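Descriptive structure summary
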Amino acid sequence: MVNWVMSCVTSTSYSISINGEIHGYFKGQRGLRQGDPISPYLFTLVMEVLTSILQHAAANHNTFRFHNNCQRQKIINLCFADDLFLFARANFESVKIIMESLNSFRDMSGLIPSLSKSTSFFCNVPARVKNQILSLVPFPEGALPIKYLGVPLIASRLLKSDCKVLVERIAKKLLDWKTKFLSFAGRLQLVNSVLAAMYSYWAAVFCLPASIIKSIERIMKDFLWSHGSSGSKRAKVAWKDICLPKSEGGLGIRKVSDVNKSLMTFHIYSIVSGRKSLWVEWIQAHRLQGRSFWDVKVPQSSTWGWRKLLSFRSLVRKFFWKKIGNGESTSLWHDTWCNQCPLSRYVSTRNMYQHGLSIYSKVAEVVHNGIWSWPEAWRDLFPVLFQLNPIYIVPNKQDVTLWRSDGGKLMSFSSKLVWEAIRARGQEMTWSKIVWSGFLDAIKEKSSMKMVPNKWVDIVGWLLPKATSRSLNSVIGKLLIKATAYFVWQERNYRFFNNPLRPPEVLINVITDNVRLKLLSFNYKDKPHVRKILEDWKLSSVEFFGET
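Reference entry: report on the structure contained in this document. Quick caveat, the model's predicted, so the values are computed rather than measured. (Residues numbered from 1 in each chain as written. Predicted model: local features only at pLDDT ≥ 70, side-chain atom pairs only at ≥ 80, totals over all residues. Heavy atoms only, no water.)

The next point concerns the packing of aromatic side chains. For the structure on display, the rule yields 24 aromatic pairs. Look at Phe85 and Tyr148: their rings are 4.8 Å apart centre to centre, the planes differ by 65°, and that puts the pair in the edge-to-face class. Linking Phe85 in strand β4 (residues 83-86) with Tyr148 in strand β5 (residues 146-148), this pair joins segments that are 63 residues apart in sequence. On the basis of relative accessible area, Tyr148 is assigned to the buried category, the value being 17%. (Phe/Tyr/Trp six-rings, centres within 6.5 Å; stacked < 30°, edge-to-face > 60°. Helix = DSSP H or I, 4+ residues; strand = E, 2+ residues; numbered from the N terminus. Buried < 20%, exposed > 50% of the residue type's maximum accessible area, 1.4 Å probe, protein only.)

Further remarks concern the packing of helix α9 (residues 256-273) against helix α10 (residues 278-288). Orientation of α9 relative to α10, taken along the N-to-C sense of each, is 75°, at an axis distance of 9 Å. Relative to α10, the element α9 lies roughly perpendicular. For the pair α9 and α10, the contacting residues are His267, Ser270 and Ile271 in the first and Trp279, Val280, Ile283, Gln284 and Leu288 in the second. (Axes fitted to C-alpha atoms, helices over the stretch in contact; angles between N-to-C directions. Parallel < 35°, antiparallel > 145°, perpendicular 65-115°, else oblique. Contact = heavy atoms within 4.5 Å.)

What follows is about the pairing of strand β1 (residues 13-18). Note that β1 and strand β2 (residues 21-27) share 5 bridges and pair antiparallel. Opposite Ile18, over in β2, you have Glu21 as the bridge partner. In sequence, β1 turns back onto β2 through a hairpin of 2 residues, with Asn19 there showing a positive phi of about 55°. (Pairing = 2+ DSSP bridges.)

Looking now at unusual backbone geometry. The omega angle of the peptide bond from Leu144 to Pro145 is 0°, so this bond is cis rather than trans. Within the element layout of this structure, Pro145 appears in the loop between α4 (127-136) and β5. For the peptide bond that leads from Cys341 to Pro342, omega is 0°, which places it in the cis range. Tracing the sequence through the fold places Pro342 in the loop between β7 (320-323) and α13 (349-354). Of note, the phi angle at Lys74 is positive, near 55°, even though the residue is not glycine.

Right, let's talk about the environment of Leu159 for a bit. Residue placement: Leu159 occurs in the loop between β6 (151-153) and α5 (164-178). On the accessibility criterion, Leu159 (39% relative accessible area) is partly exposed. Residues Leu159 and Ile212, 53 residues apart in the sequence, show an inter-C-alpha distance of 9.1 Å.

Tracing the sequence through the fold places Leu501 in the loop between α20 (470-498) and α21 (504-520). Residue classification places Leu501 among the exposed residues on the basis of a relative accessible area of 64%. Taking the C-alpha atoms as reference, Leu501 lies 8.2 Å from Glu491; in sequence the two are 10 residues apart. Look past the residues within four positions of Leu501 in its chain and what remains in contact with it is Glu491 and Arg495.

The next point concerns the side chain of Thr512. Assignment of secondary structure puts Thr512 in helix α21. Relative accessible area serves as the criterion here: at 11%, Thr512 is assigned to the buried category. Separated by 2.9 Å, the side chain of Thr512 and the backbone oxygen of Asn509 make a polar contact. (Polar contact = N/O pair within 3.5 Å; in protein donor to acceptor, adjacent residues only side chain to side chain.)

Take a positive patch on the surface next. The grouping of Lys160, Lys214, Arg218 and Lys221 at the surface amounts to a positive patch. As for its position among the elements, Lys221 is in helix α7 (residues 210-226). Judged by its relative accessible area of 33%, Lys221 is partly exposed. (Patch = residues over 30% accessible without salt bridge, like charges linked within 9 Å, V, L, I, M, F, W, Y side chains within 5 Å. Areas by Shrake-Rupley, 256 points an atom, 1.4 Å probe, with all protein chains shown as cover. Salt bridge = Lys/Arg side-chain N within 4 Å of Asp/Glu carboxyl O. Lys, Arg positive; Asp, Glu negative; His and termini not counted. Charge placed at Lys NZ, Arg CZ, Asp CG, Glu CD.)

Attention now goes to the sheet that holds β7. Across the sheet, which stays open at both edges, the 3 strands sit in the order β7-β10-β11 with antiparallel pairing between neighbours. A strand with exactly one partner marks an edge of an open sheet, and here the two such strands are β7 and β11 (410-411). Bridge count between β7 and strand β10 (residues 400-404): 4 bridges; the pairing is antiparallel. Bridged to Lys322 within β10 is Thr401. Packed onto the sheet, α9 meets β7 and β10 and runs at close to 25° relative to β7.

Let us look at the packing of α7 against α9. At a minimum axis separation of 9 Å, α7 and α9 run at an interaxial angle of 125°. Considering the angle they form, α7 stands oblique to α9. Along its contact with α7, which presents Ile213, Ile216, Glu217 and Met220, the element α9 presents Val256, Ser257 and Asn260. Residue classes in the contact of α7 with α9 are distributed as 4 nonpolar, 2 polar and 1 charged. (Nonpolar A, V, L, I, M, F, W, Y, C, P; charged D, E, K, R; others polar.)

Turning next to a nonpolar patch on the surface. A contiguous nonpolar surface patch, about 650 Å² in accessible area, is contributed by Met1, Trp4, Tyr41, Leu45, Val46 and Leu111. By the secondary structure assignment, Val46 is in helix α2 (residues 39-60).

Each α-helix turn comprises 3.6 residues. Residues three or four places apart therefore point the same way. Helix length check: helix α3 (residues 92-109), at 18 residues, gives a terminal C-alpha distance of 26 Å against a target of 26 Å (1.5 Å per residue), a fit within 8%. Along α3, the residues that are buried comprise Ser94, Val95, Ile97, Ile98, Met99, Ser101, Leu102 and Phe105. Among the structural elements, α2, β4 and α4 are those in contact with the buried residues of α3. Just past α3, the residue Gly110 takes up positive phi, approximately 80°. (Expected span 1.5 Å × (residues − 1).)

The next subject is the pattern of salt bridges. Applying the stated criterion to the full structure yields 12 salt bridges. Between Asp295 and Arg291 there is a salt bridge whose closest N-O contact spans 2.4 Å. Assessed through its relative accessible area of 16%, Asp295 is described here as buried. Arg291 gets classed as partly exposed once you look at its relative accessible area, which sits at 25%.

Quick look at the structure:
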């Protein structure tokens, strides 16, 4: 394994792409460069060594103290790319152990912390202890909050001032686009792709303030209608209608608030599904402490982000469904695993404890060989429990968290499904399929027309010949669409700038002649239906290359 890795590192070579063609190569003199596919893998291997050194040192020194709420998971370091966080209780011995581990890692790997980019942070630490630690570490003292991976690292309420950089970044991006002559369709594409991607990262981390959401949507609206010049042109359609899907008469722009909620719901899914991650493990150990996410209280001492996440429970709870496997991770009272759930609506906490159950009970505790084992005293008190359909436990199969739509369909979770469930809805438009996605279908429906068309959409349908060969007909159809789009656009420019007017019949002949010339350059299979298609197009001098 070591030989393989070193071969990849020491045998690197590079080529130069000139006008899309690769020319020559030269040998790399400094190993791997940024962007090499193997770099992240090697970095993970190297940082795993640092993690092992730190964990070994903490286990062998009784004087080491973990940071608050980090001992249960034994969290000492977190890293992403070349950003490294080190955590410890603020005492001299703990910091000394960390510095000794860093020096040992430096001697092994040759990696040295950047002193100009490294900072020490303290919270509620006496001045005497702080000065002792600063004399030991070569890093200057910093002040919280700071930015990490492009977002503010805070535990308090996210303020408008914290998100100001996001709004400024989006506005700055538009400065490069304002002076360009972009069509409405071009501006729409930029709004749906570039601008949406810029705020989506923040929306996946924080619950954005309403004022920030309003500012972002104002920027998007101004750019869509007036190239970003606020007030120079009034919007022709209400923003709530613009944000509907295309099938419902909108332009497919998603409201920022709906995107924010759908992306934040992914964190809820991670918790209730028990996704394997350090964050989920920490949440279950320190926030839930064995309780269900749907039942845990909202303490006043918790962080603002945790309170906001809990506030989404009423919005999405009905969509989360547990598919029972072994029943050991599904809450008996608070998860939704049958149509009568949650069962906590019927049984009080007092009744649970009186009969040997608790709020922490799982489904597996009351199912034996497919038969419910409810307390007999509940038969008259809670008859709904004895009417539940039997559930068969599969010992080696884990419970699965699914997303249940309003129609009752169970699907694997995705943020898109959340958005579809919580977004505003409009009336389905019968013309949307033709306008946005069914153009080719509409063309085929009009292929039997024999009259001269008087609409541009009818031109292609009138040109499209009847044929039984799907593959050849598909090629011809694509050529017709491309040729029609180009020559209709050309005709529009002619009429706009030069005022010439060509009748539809002339334009049809131009399109058919260009498509016919393109078809002459192809080779065809010598089959009856192919000959029939070529006869319809008046192509007799074509080259056939056989039966197969």
